[in-house]
Amino acid sequence: MGSIHLKNIFKSFGPTRVLKNVSLEINDGEFTALVGPSGCGKSTLLRILAGLEDLDNGTVSIDGRDVSGVRASDRNLSMVFQSYALYPHLTVRENIAVPLRMRQLNPSQRLPLIGSMITPATAKKEITDKINTATDMLDIGHLLDRKPGQLSGGQRQRVALGRALVRDPEAFLLDEPLSNLDAKLRVQTRAEITQLHRQLNATFVYVTHDQVEAMTMADRIAVMMDGEILQYDTPENIYSKPASIHVAEFIGSPKINIFPVELISPDQGTRFQIGVRPEYLKQKNGKFRLKAVISHLENLGPEIQVQFTLPGIDTLFHTRLDPKSAGSLTIGSTTQFGFDEVDCHLFNDRGVRLSPHKTRQFFKTLNDST
């Protein structure tokens, strides 16, 4: 009951085009992350879906129903904001009850329910039951009588999630909900939101600039840049089969190495870029070797992250090494790093990733010319 279809969405603020013909289909029960740098349009797209922002052109459909002109309160979507948006003068219990009371499920209302009427007593019990169910799921039942000022950042986030839960929405919309938490709490809350999604089997649309959040939480990721979706795919494919250099460079830490290369080939042009993830660069191993000068070393315990330069190229490159194999490296020393054809991506002069067939052709031509 929570499939979403955004079709040909355009949005401008004055002369600035924020969204450029964006289309996106999200299946019922799917966890979709919208990820990209600041200003790419991901939060605007979420607000258009929520009904908090008008669109210039395009349609928004929920379960096949066009809601483009429907106000936010009538879309039955729950939104969790970066700022939590809790009422400081209300208790946790009262904050969570707000959407229920806004839907007139309170003791002063009498609404039809399965052929009968909601009495003040049954309405109060329904509110209490919904609050208890949500707070038990989020383990915040012991906080019900506290006010937001008495809570930690992680507890406030759980309250915001609880308020979203009690609405029984068709989909949950989350706008950078972890950005105000410290690193340790982000990891914990990330796992809790993922578990909550599994429990509810509901549709989640999650906006973040953090690629780790997107990769670890989502069923599918929409990578956005400059108001467009560059790729919409599973985390595995986004990482291992990036559609372009922009996607390849945004996803992955340390970021992918991009090596420029020129090749005289009438079939494929002359300028290409080879992308190799840091984990696939091996010291003194691999078919294609690079002479490297070590510029920086970071010991992270289970691995050493190495930054290096190549002769004639004013760019820093990265690899990861086992501490035992990196023991002889020092800043300023030289070594060789290599990679194999199967471990790299080939991009054309427009930054588009070429097919495996064209990649094999390229390396065959490269081998023949050397």
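You'll find the structure just up there.
None of these values were measured; they are calculated from a predicted model.

Concerning the packing of aromatic side chains
When we look at a pair of aromatic rings, we describe it by the centre distance and by the angle of the planes.
Thinking step 1. Inspection of the entire model under this criterion finds 11 aromatic pairs.
Thinking step 2. Among the aromatic residues, those joined into a ring-pair cluster are F259, F272, F288, F308, F317, F337, F339, F362 and F363.

With respect to the nonpolar core
It is characteristic of soluble globular proteins that their nonpolar side chains tend to be buried jointly.
Thinking step 1. Formed by 43 residues in total, the largest nonpolar core has its most connected members in L174, I193, F204 and I221.
Thinking step 2. The greatest single-element share of this core, amounting to 5 residues, is contributed by helix α4 (residues 153-165).
Thinking step 3. Those residues within four positions of I193 in sequence are excluded, and the remaining contacts are F31, L161, L174, P177, L178, F204, Y206 and M217.

Details of the pattern of salt bridges
Thinking step 1. Taken as a whole and assessed by the stated rule, the structure comprises 9 salt bridges.
Thinking step 2. Across the pair K130 and D168 runs a salt bridge, and its minimum N-O distance is 2.6 Å. Within this pair, whereas K130 is found in helix α3 (residues 120-138), its partner D168 is found in the loop between α4 and β9 (171-175), the two being separated by 38 residues in sequence.
Thinking step 3. One connected set of salt bridges, linked through shared partners, spans E279, E303 and R320.

Some remarks on helix α5 (residues 183-200)
Thinking step 1. With 18 residues, α5 should reach 26 Å at 1.5 Å per residue; the first-to-last C-alpha distance of 26 Å fits that figure.
Thinking step 2. Where α5 is concerned, the buried positions are L185, T189, R190, I193, T194, L196 and H197. Each buried residue of α5 sits inside an arc of 165 degrees when the element is viewed along its axis, so together they form one side. Projecting away from the buried face of α5 at angles above 90 degrees are the exposed residues K184 and R198.
Thinking step 3. Looking at the residues trailing α5, positive phi occurs at N201, about 55 degrees.

So, the sheet that holds strand β15 (residues 282-283)
Thinking step 1. Pairing within the open sheet is antiparallel, and its 5 strands lie in the order β15-β19-β16-β17-β18. The sheet is open, and its two edges are formed by β15 and β18 (313-321), each paired on a single side.
Thinking step 2. Relative to strand β19 (residues 334-339), β15 is paired through 2 bridges, and the arrangement is antiparallel. Looking across to β19, one finds that K282 is bridged to G338.

Let's talk about the pairing of β19
Thinking step 1. Sheet topology note: the strand β16 (residues 288-299)/β19 ladder contains 6 bridges and is antiparallel. The residue of β19 that forms the bridge with A292 is T335.

A word on the packing of α4 against α5
Thinking step 1. Where α4 contacts α5, the axes come no closer than 11 Å and their chain directions differ by 15 degrees. Comparing the axis directions of α4 and α5 gives the class roughly parallel. Crossing angle aside, the handedness with which α4 passes α5 is right-handed. The segment α4 lies against α5, with G153, G154, Q157, R158, L161 and L165 engaging L185, Q188, T189, E192, I193, L196 and L200.
Thinking step 2. The residue inventory of the contact of α4 with α5, partitioned by class, reads 6 nonpolar, 5 polar and 2 charged.

Focus on the sheet that holds strand β6 (residues 77-80)
Thinking step 1. Overall, mixed pairing links the 6 strands, which are arranged β6-β9-β10-β3-β11-β12 in an open sheet. Each having just a single partner strand, β6 and β12 (228-233) make up the two edges of the open sheet. Between one strand axis and the next, the sheet turns through 15 degrees on average, direction left out of account.
Thinking step 2. When strand β3 (residues 31-35) meets strand β11 (residues 220-225), the two strands line up parallel, connected through 4 bridges. Looking at the pairing, T32 lines up with R220 of β11.
Thinking step 3. Its contacts with the sheet put α5 on β3, β9 and β10 (203-208), and the angle it makes with β10 is roughly 160 degrees.

A closer look at the environment of V187
Thinking step 1. Its location among the elements puts V187 in helix α5.
Thinking step 2. Judged by its relative accessible area of 44%, V187 is partly exposed.

Description of the side chain of N95
Thinking step 1. With respect to the helices and strands, the residue N95 is situated in helix α2 (residues 92-102).
Thinking step 2. A polar contact is formed between the side chain of N95 and the backbone nitrogen of Y87, at a distance of 2.8 Å.
Thinking step 3. When neighbours within four sequence positions are excluded, N95 is seen to be in contact with L86, Y87, L90, P148, V159 and R163.

Regarding the environment of L346
Thinking step 1. One can find L346 in strand β20 (residues 344-347).
Thinking step 2. Since its relative accessible area comes to 0%, L346 is described here as buried.
Thinking step 3. Placed 16 residues apart in sequence, L346 and F362 show a C-alpha to C-alpha distance of 8.5 Å.
Thinking step 4. Discounting residues that sit within four places of it in the chain, L346 has contacts with F272, Q273, I274, V352, R353, L354, K358, T359 and F362.

Let's talk about unusual backbone geometry
Among all residues except glycine, the phi angle is most often negative; among peptide bonds, the trans geometry is most common.
Thinking step 1. S253 connects to P254 through a cis peptide bond whose omega is -5 degrees.
Thinking step 2. Within the secondary structure layout, P254 lies in the loop between α8 (245-250) and β13 (257-265).
Thinking step 3. Its identity is not glycine, yet A85 carries a phi of approximately 55 degrees, on the positive side.
Thinking step 4. Unlike most non-glycine residues, D226 shows phi in positive territory, near 50 degrees.
Thinking step 5. Relative to the assigned elements, D226 resides in the loop between β11 and β12.

The rules we used
Residues numbered from 1 in each chain as written. Predicted model: local features only at pLDDT ≥ 70, side-chain atom pairs only at ≥ 80, totals over all residues. Heavy atoms only, no water. Phe/Tyr/Trp six-rings, centres within 6.5 Å; stacked < 30°, edge-to-face > 60°. Core = buried A, V, L, I, M, F, W, Y, C linked by side-chain atoms within 4.5 Å. Buried < 20%, exposed > 50% of the residue type's maximum accessible area, 1.4 Å probe, protein only. Helix = DSSP H or I, 4+ residues; strand = E, 2+ residues; numbered from the N terminus. Contact = heavy atoms within 4.5 Å. Salt bridge = Lys/Arg side-chain N within 4 Å of Asp/Glu carboxyl O. Expected span 1.5 Å × (residues − 1). Arc of directions from axis to C-beta. Pairing = 2+ DSSP bridges. Axes fitted to C-alpha atoms, helices over the stretch in contact; angles between N-to-C directions. Parallel < 35°, antiparallel > 145°, perpendicular 65-115°, else oblique. Left-handed = near helix turned anticlockwise from the far one by under 90°. Nonpolar A, V, L, I, M, F, W, Y, C, P; charged D, E, K, R; others polar. Polar contact = N/O pair within 3.5 Å; in protein donor to acceptor, adjacent residues only side chain to side chain.

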